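# Summary of the model geometry
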Amino acid sequence: MAKRDFGSVRKLPSGRWQARYRGPDGVRRNAPSTFATKTDANRWLRLKEAEILKGEWVNPDAGKITVSEWGARWLESVRPSLKPKTFASYVSLFRTQIEPRFGAMALATVRPISVSEWVADMHSRGLSASRIRQAHVVLALMMETAVTNELIRVSPCVGTKLPRLVVREPVILTRDQVESLVRAAVPPHDLLIEIMAYAGLRVGEAFALRRKSVDLAAGAIRVTETLVEISGKTSFGTPKSHQVRDVQLPAFLLRRLRAHLDEMADKSPDALLFVNKRGNPLHYNAWRTWRFDPAVEKAGLDGVTPHDLRATHASWVADAFGVLAAGRRLGHSNTTITTRHYARRLEGKDNEVARGLDAFRDGKIGPGARTGHDQDDDDSPGAMNPV
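Residues numbered from 1 in each chain as written. Predicted model: local features only at pLDDT ≥ 70, side-chain atom pairs only at ≥ 80, totals over all residues. Heavy atoms only, no water.

The name given to the protein chain in an unreviewed UniProt entry is Site-specific integrase, with Actinomadura keratinilytica as the source organism. Recorded in UniProt under Sequence similarities (unreviewed entry), the annotation for the protein chain is "Belongs to the 'phage' integrase family." (UniProt positions renumbered as here; feature names shortened; annotations may be inferred.)

Written out as structure tokens, the structure reads:
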């Protein structure tokens, strides 16, 4: 046996060479495989020694925990920081997509190629790009935490090529189209549609509105809750990003809300403004099937979803008062989200820009001239013009 300052190598009866070393934990370990030459064994020991000196050594026994065991432990650790719906989604993705493929494998044996093959398999089984990417996010978060806890050195999820998402452009409605949709809806769901279109609430936020949410004196509604559905069961939670906000309402909507509150039989502060026939919270799929989609069809619209009402509101406000104002009403922490997802170009706006450039070139307006719709975010907004 040849000895060194760090570790040792010896020739086995088979003619191959074995390398051994003592780890920082004091345990003596063999290299995971034997070597054809003494030089190769010594090279491996030098690399292992450098790894320890740089603080990059990972206990090889730690990575023997299975993905199934680590996944269950990781899910419980992140549960307190997640909304119930998000946690339920993580659990579902782990049990249906991750555990069947990797559950019995040790963490340290999952390789980047294994992850890439898994992604390809999900694609071949017809899973949507969105579902595949969500499953990959859960696995990647699990593996990143394993790296942080020194169970593995690097995550096998780094660099995975994922399918592109097909982004659906929202349908931005005109004022007349919204009015047609409202007229086509059955009361009080016409009011619910108006609230989403003129206040920009998420569907779950609108479903969660209560009598106490409406401040008629202040002319506003306070968004403090959202209604979520998990496996067909509804529950209430805080709005997305926990952004509680007050949304000022136009006078016509306040008048409608006042009348609706007067007509409600339940006068308790916690009474929901909109319920199903049994007096229970609305279920999204049922509401779309029986209330929203029939109104869309009756109004002669095509492919409009409830979420399009929020996107429509964002575009109206951004166009008239700037992206910052739109972001505030929608409850966004920064305007990048508003711009990327909601504030879309209104039909005809580009034509207005072109006409403005013509007037500028001809000297009819100066470079600082403004029209009624191009206020910066720092400007004080005036009364909303019809859009």
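There is more to say, and it comes next.
Summing up its helical and strand segments, the protein chain has 14 helices and nine strands in all. Of the accessible surface of the protein chain, which amounts to about 21900 Å², a share of 51% is contributed by carbon and sulfur atoms. (Helix = DSSP H or I, 4+ residues; strand = E, 2+ residues; numbered from the N terminus. Areas by Shrake-Rupley, 256 points an atom, 1.4 Å probe, with all protein chains shown as cover.)

Attention now goes to the pairing of strand S7 (residues 226–230). Alignment of S7 against strand S8 (residues 233–237), held across five bridges, turns out to be antiparallel. Bridging from a neighbouring strand, glutamate 229 pairs with threonine 234 of S8. Linking S7 back to S8 in an antiparallel pair, the connection comprises two residues, with serine 231 at a positive phi of about 55°. (Pairing = 2+ DSSP bridges.)

Glancing now at the pattern of salt bridges. Evaluation of the coordinates by the stated rule reveals 14 salt bridges. The closest approach of N and O atoms between arginine 79 and glutamate 76, which form a salt bridge, is 3.6 Å. Look at glutamate 76 and you get partly exposed, because its relative accessible area is 48%. The residue arginine 288 makes a salt bridge to aspartate 293 at a minimum N-O spacing of 3.1 Å. The class of arginine 288 is partly exposed, set by a relative accessible area of 21%. Overlapping salt bridges, with partners in common, bring together Arg101, Asp121 and Arg125 in one network. (Salt bridge = Lys/Arg side-chain N within 4 Å of Asp/Glu carboxyl O. Buried < 20%, exposed > 50% of the residue type's maximum accessible area, 1.4 Å probe, protein only.)

Right, let's talk about the nonpolar core for a bit. Counting residues in each nonpolar core, the largest one holds 43 residues, and the members touching the most others are Ile195, Leu201 and Ile221. For this core, the elements supplying multiple residues, two or more each, are helix H6 (175–184), helix H7 (189–199), helix H8 (203–207), strand S6 (220–223), helix H9 (251–263), helix H10 (284–298) and helix H11 (306–321). The biggest single contributor to this core is H7, with eight residues. Counting 30 residues, the second largest nonpolar core, distinct from the first, contains Val91, Phe94, Ala140 and Met143. (Core = buried A, V, L, I, M, F, W, Y, C linked by side-chain atoms within 4.5 Å.)

In this fold, serine 213 is placed in the loop between H8 and strand S5 (214–215). A relative accessible area of 7% places serine 213 in the buried class. For serine 213, the residues in contact, after removing those within four places along its chain, are Ala220, Ile221 and Arg222. (Contact = heavy atoms within 4.5 Å.)

What the rule picks out here adds up to nine aromatic pairs. Relative to phenylalanine 252, the ring of tyrosine 198 has its centre 5.0 Å away and its plane inclined at 85°; by these criteria the two rings are edge-to-face. Note that tyrosine 198 is positioned in helix H7 and phenylalanine 252 in helix H9, a separation of 54 residues in sequence. Each residue in the set Phe6, Tyr21, Phe35 and Trp44 is aromatic and connected to the rest through ring pairs, giving one cluster. Across from the ring centre of phenylalanine 236, 4.6 Å away, lies the NZ or CZ of arginine 210, which sits over that ring. (Phe/Tyr/Trp six-rings, centres within 6.5 Å; stacked < 30°, edge-to-face > 60°. Lys NZ or Arg CZ within 6 Å of the ring centre and 35° of its normal.)

Spatially, S5-S6-S9 is the arrangement adopted by the three strands of the open sheet, whose pairing is antiparallel. Each end of this open sheet is capped by a strand with a single partner; those strands are S5 and strand S9 (245–248). Two strands pair when backbone bridges link them, and S6 and S9 are joined in this way by four bridges, in the antiparallel orientation. Counted as the bridge partner of arginine 222 is aspartate 246 from S9.

Right, let's get into the pairing of strand S2 (residues 8–11). Where S2 meets strand S3 (residues 17–22), four bridges bridge the pair, whose relative direction is antiparallel. For serine 8, the partnering residue across the bridge sits in S3 and is arginine 20. Taking the residues between adjacent antiparallel strands as the criterion, S2 and S3 are bridged by five residues, where glycine 15 takes a positive phi near 95°.

Averaged over every residue, the pLDDT of the protein chain is 85; the share at 70 or more is 84%. Confidence scores differ between elements of the protein chain, with strand S1 (residues 2–3) showing the lowest mean pLDDT of 49 and helix H4 (residues 112–124) the highest of 97. Overall, residues 366–387 carries pLDDT values under 50, and its contacts beyond four positions in sequence, including any with other chains, amount to 33 contacts. (pLDDT = per-residue confidence, 0-100.)

Judged by how many residues are buried, H7 sits mostly within the fold: eleven of eleven residues are covered. Taken together, the buried positions of H7 are occupied by His189, Asp190, Leu191, Leu192, Ile193, Glu194, Ile195, Met196, Ala197, Tyr198 and Ala199.

Here the focus is the environment of asparagine 42. If you trace the backbone, asparagine 42 turns up in helix H1 (residues 38–53). Expressed as a C-alpha distance, the spacing of asparagine 42 and valine 9, which sit 33 residues apart in the sequence, is 7.0 Å.

Next up on the list: helix H3 (residues 84–102). Along an α-helix, residues three or four apart share an orientation, since each turn contains 3.6 residues. Under the 1.5 Å per step criterion, the end-to-end length of H3 is 25 Å for 19 residues, consistent within 8% with the ideal 27 Å. Roughly 40° is the biggest bend found in H3, and it falls at phenylalanine 94. Within H3, burial applies to Phe87, Tyr90, Val91, Leu93, Phe94, Gln97, Ile98 and Phe102. In the core, the buried residues of H3 are packed alongside helix H2 (67–78), H4 and helix H5 (129–148). (Expected span 1.5 Å × (residues − 1). Bend = angle between axes of the 7 residues up to and from the residue.)

With that out of the way, let us pick up unusual backbone geometry. Residue proline 188 follows proline 187 across a cis peptide bond; omega there is 0°. Turning to its location among the elements, proline 188 is positioned in the loop between H6 and H7. Of note in the backbone geometry, glutamate 150 takes a positive phi value of approximately 60° without being a glycine. Here glutamate 150 lies in the loop between H5 and H6.

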